[in-house]
Amino acid sequence: MRITASARAAEVVAEMATRRAGTLTVTIGTGCCESTAPFLYEDFLPGADMAPVGEVEDVAIWAPEYLRRLYPGDQGPRLEVADELAESLSVETELGVRLVLRGTGLDSTGEPEECAVSAPPSGPAVQRSVVGRPPPELQGLRLR
Amino acid sequence: MADYQLFIDGEYVDAASGETFTTTDPATEQPIGEVAKADRADAARAIAAARKAFDEGPWPKLSGAERGAKLNKLAELLEANAERFAEAEARDSGGTIKKATFADVPGSAGALRWFARMAEERPNEQVLEGSPFPPSENYVRYEPYGVCTGIVPFNFPLLMACWKLGPALAAGNTSVLKPASYTSITALMLGELAQEADLPPGVLNVIAGPGGTAGEELASNEMVDKVAFTGSTEVGRRIMQLASGTIKPVTLELGGKSANIILDDADLDIAAAAVLFGTFFHNGQVCESGTRALVHKSIYDEFVSLLVDRAGKMVIGNQLDFNSDLGPLVSRAQADTVRRYVALGREEIGEPVCGGSEPEGLADGLVTENFYRPTIFAGVDNSARIAQEEIFGPVLCVIPFETDDEAVAIANDSIYGLGGGVQAGDVERAKAIAARLQTGTVWINDYHMISPERPFGGYKQSGIGRELGTAGYEIYRQAKHIHTNPSTGRDGYMHFAALSGNI
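Residues numbered from 1 in each chain as written. Chains lettered and ligands numbered in written order. Predicted model: local features only at pLDDT ≥ 70, side-chain atom pairs only at ≥ 80, totals over all residues.

Engineer: Looking at this model, I keep getting lost on the domain arrangement of chain B. Mind explaining?
Structural biologist: Much of the literature gives interface size as the accessible area that the parts lose upon coming together. Residues and elements named next belong to chain B. Along its sequence, chain B is organised into domain 1 (6-14 + 32-254 + 462-482) and domain 2 (259-444). Across the contact, 14 residues belong to domain 1 and 19 residues belong to domain 2. Among the elements of the structure, α3 (82-93) and α4 (97-121) are those that each provide at least two residues to the side of domain 1 that touches domain 2. Broken down by class, the residue content of the side of domain 1 that touches domain 2 amounts to four nonpolar, six polar and four charged. (Domains from an automatic or database assignment. Contact = placed C-beta atoms within 7 Å. Helix = DSSP H or I, 4+ residues; strand = E, 2+ residues; numbered from the N terminus. Nonpolar A, V, L, I, M, F, W, Y, C, P; charged D, E, K, R; others polar.)

Engineer: Quick question: what am I supposed to make of the interface of chain A and chain B here?
Structural biologist: Of the residues lining the interface, 56 residues belong to chain A; the matching set on chain B comes to 71 residues. Here the side of chain A that touches chain B gets three residues from one element, more than from any other, and that element is strand β7 (residues 98-102) of chain A. The residue inventory of the side of chain A that touches chain B, partitioned by class, reads 29 nonpolar, 16 polar and 11 charged.

Engineer: Is there a simple way to think about the packing of helix α9 (residues 268-280) of chain B against helix α10 (residues 300-311) of chain B in this case?
Structural biologist: All names here are of chain B. Close contact between α9 and α10 brings their axes to 10 Å; oriented N to C, the two are set at 55°. Taken together, the axes of α9 and α10 lie oblique to each other. Judged by the twist between their axes, the crossing of α9 over α10 is right-handed. Between α9, through Leu268, Ala272, Val275 and Leu276, and α10, the contact on the second element is made entirely by Glu302, Phe303, Leu306, Leu307, Arg310 and Ala311. (Axes fitted to C-alpha atoms, helices over the stretch in contact; angles between N-to-C directions. Parallel < 35°, antiparallel > 145°, perpendicular 65-115°, else oblique. Left-handed = near helix turned anticlockwise from the far one by under 90°.)

Engineer: Whenever I open this one, the environment of Pro328 of chain B confuses me. Can you help?
Structural biologist: All names here are of chain B. Position of Pro328 relative to the elements: it lies in the loop between α10 and α11 (332-348). Residue classification places Pro328 among the buried positions, given that 31 C-beta atoms sit within 10 Å. Considered as a pair, Pro328 and Gly317 are 11 residues apart in the sequence and their alpha carbons are 7.4 Å apart. Residues within four places of Pro328 in sequence aside, it is in contact with Pro26, Ala27, Gly94, Gln319, Asn370 and Phe371. (Buried ≥ 20, exposed ≤ 12 C-beta atoms within 10 Å, placed from the backbone.)

Engineer: I keep staring at the sheet that holds strand β5 (residues 59-64) of chain A and nothing clicks. Help me out?
Structural biologist: Strand pairing in a sheet is mediated by backbone hydrogen bonds. Such pairs are either parallel or antiparallel. Residue and element names in this part refer to chain A. Pairing is mixed in the open sheet, where four strands are placed in the order β3-β2-β5-β4. On the outer flanks of this sheet lie β3 (37-42) and β4 (50-56), each paired with one strand and no other. Ignoring which end each strand starts from, the neighbouring axes of this sheet average 30° apart. (Pairing = 2+ DSSP bridges.)

Pasting the structure below:
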């Protein structure tokens, strides 16, 4: 497994290095609402089964054995940036962005270099209304 | 002033910085409103309020019955405002109005009522057996920890908030909640109910903001006594590290890649529905989703055909329409993650047997890129990345097996162990399989049926501890053993026997 980073991701990591006094680490983690994703942590203690799989702006990227086994080659996924205030304890969220993992790790040559997520919209709030009525078969449902 | 403010010390307030962030309707990407953006200082302010409420306020000194009455009042108020909460939840999260109306809101009220009952019924003291020498009278007092923080994910924001605040408050703790940034609104709205229920200031606090600052503070601040988190395994690991500074106990409900086993004697009509519901409910953005369907080879072709036929009949569209079965994913980034895994599946497995793209013909104004069709990959090997990594999207892997032993081995071949299912005609056979699955919940001939009185949590890297049930209440209390020696003379003590009669 070899993980690279887009120029924008490198900029984000570099910016966080100026904001955090401790040692930064990128760890590739798994599961739940973030799927497999990069996490940028300060003073993180990598687990016993983790090993370096890349580097961005002198910050080491670590991944657990479980993921390294799934992505054995060098053409690994890459770190990119989504302009969203996504959920995570990853420290770059304080910038209003989130590092994401893109590319399949198999053949990413045809994929765009940067994440396509656009900046959040501005303008007046729009509160769309509910349409229709509850289906009768669910109206008897009782969750205790 | 933010449209949705932080709830700290019984009042709605802006972030100290005055900063806000925009929360959007993921179906349209239009803004819903501005949410106060808490940073580390706001988190510390909320923690301090909770600390003061615990150390100096009336809450921990109230009887269980009194705290239970307050939680029942919260549940009653939530039910009275059910439509408003359900609309806000659906609009903010992309979950359907059906889900919000029939699962999120009643499930949340149900959790509050369950923990109210726990506060009323579970003993605060328990007499233990004493000892003849040295003579003793012994009992255990169950006491709250103090300040409990809860960090909750985007998929069930209101429900998860109530799973955290319910047991914490019932046991006499005070609470600081942080919902996910994508979906902060309904948890912040709980403050209104807390005010109306006349909860003492500081007992419940809700903040919204980046996990990298506010979330770190909730997990590490020395005034916090316990942390509960639902979300990704990697963040769970981080929370354990942050909490270790002051040895805070943690409750973690993390990732999953659950197996739903379809035996050869299953009612295929019902089993197919169980697999579709188990996988595609809320677009698969559910921790315990049964995203690996293990299907007996003797029924494999027929069953896959059933799945494909029915998956195409699910209605995808406006999440605020009661006719919609599936709405948008929570965000563009989440939809991009799903697209990435489907591309990966195509390279590794081949073309999916259904789905694999955005839906066509959505109503005007809906952003097609944020929706995704239910996608099924058949003939998947369990070692494939799409069978091992949690996608958190509407993607099902169908995996064939020949024997019950093989099904158990495949199901357990995962770093996770959160949920799972067995669809079977012979229930005893299903129970035998359930006993061998390394997972926190197994549904036989059903799926996703979570209820407040039944414990929920994970084996392996799916978490630590249990939520709901009596276990989910007791985990918010600590045991204090009180030993009384009733002796009046020197003969009744070990001191002299163990050391010397001269002491």
